[in-house]
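If you want the building blocks of each chain, they are given just below.
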Amino acid sequence: TICSADEALAHRAVEAGATKSVIWALGAEDLSEAQFLEQDALFCAYALLSTEQGQEQLAPTSGTGGGGVDGHMLPGLAASAVARALREDSCEAAMWGMRIFERICQRPVKSD
């Protein structure tokens, strides 16, 4: 995958606001039936989580949300997407959703 192979590309995407787009795409009720869009948003979230800034915005360790994105929403949005993917037999979307949780869980917790 491009963003997994090139962390610099993922970093530039985070700086350009891609984390907001991912949260919007996964959270937009009108898009909940768009399987391929949801799958792509899950992939993008996974790729963006490869950067420290992406992790701070999408999966903050504190309640502040890091860079102002509603990052605390990503785990719930990913869980909903995985549940939908499993019901609809969309293995690839479910896989990307689970990989998001893997990235979040592997992240070192900063002590304050």
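Only a predicted model underlies this, so the values are computations on that prediction, with no experimental measurement involved.

Caption draft 1: Fine view of the packing of aromatic side chains. The full count for this structure, using the stated rule, is two aromatic pairs. Pairing F43 with W96 gives two aromatic rings, centres 5.0 Å apart and planes at 75 degrees, and the pair type is edge-to-face. Residue F43 is found in helix α4 (residues 35-48), and its partner W96 is found in helix α7 (residues 91-106); the two are separated by 53 residues along the sequence. Given a relative accessible area of 7%, W96 falls into the buried group. A centroid spacing of 5.2 Å and a plane angle of 55 degrees characterise the contact between Y46 and W96, whose relative ring orientation is tilted. Here Y46 is found in helix α4, whereas its partner W96 is found in helix α7, with 50 residues between them in sequence. Comparing Y46 with W96, the two get one shared label, buried. A connected cluster of aromatic rings, assembled from ring pairs, spans F43, Y46 and W96. For the cation-ring pair, R99 lies above W96, with the distance from its terminal atom to the ring centre recorded as 4.8 Å.

Analysis parameters
- What you see as residue numbers is a count from 1 along each chain, following the sequence as written.
- The predicted origin of the model limits local features to residues at a pLDDT of at least 70 and limits the giving and counting of side-chain atom pairs to 80 or more, whereas totals for whole chains, interfaces and linings rest on all residues.
- Values shown for side chains rest on all heavy atoms present in the structure; no hydrogens or waters enter the calculation.
- Two aromatic rings, drawn from Phe, Tyr or Trp (for Trp, its six-membered ring), form a pair once their centres lie within 6.5 Å of each other, and the interplanar angle then sorts them: stacked below 30 degrees, edge-to-face above 60, tilted otherwise.
- Only DSSP runs of H or I with at least four residues qualify as helices, and only runs of E with at least two residues qualify as strands; both kinds are numbered from the N terminus onward.
- Partly exposed residues are those whose accessible area sits between 20% and 50% of the maximum for their type, while under 20% is buried and over 50% is exposed, using a 1.4 Å probe and protein chains only.
- Counting as a charge over the ring demands two things of the Lys NZ or Arg CZ atom: a distance within 6 Å of the ring centre and an angle within 35 degrees of the ring normal.

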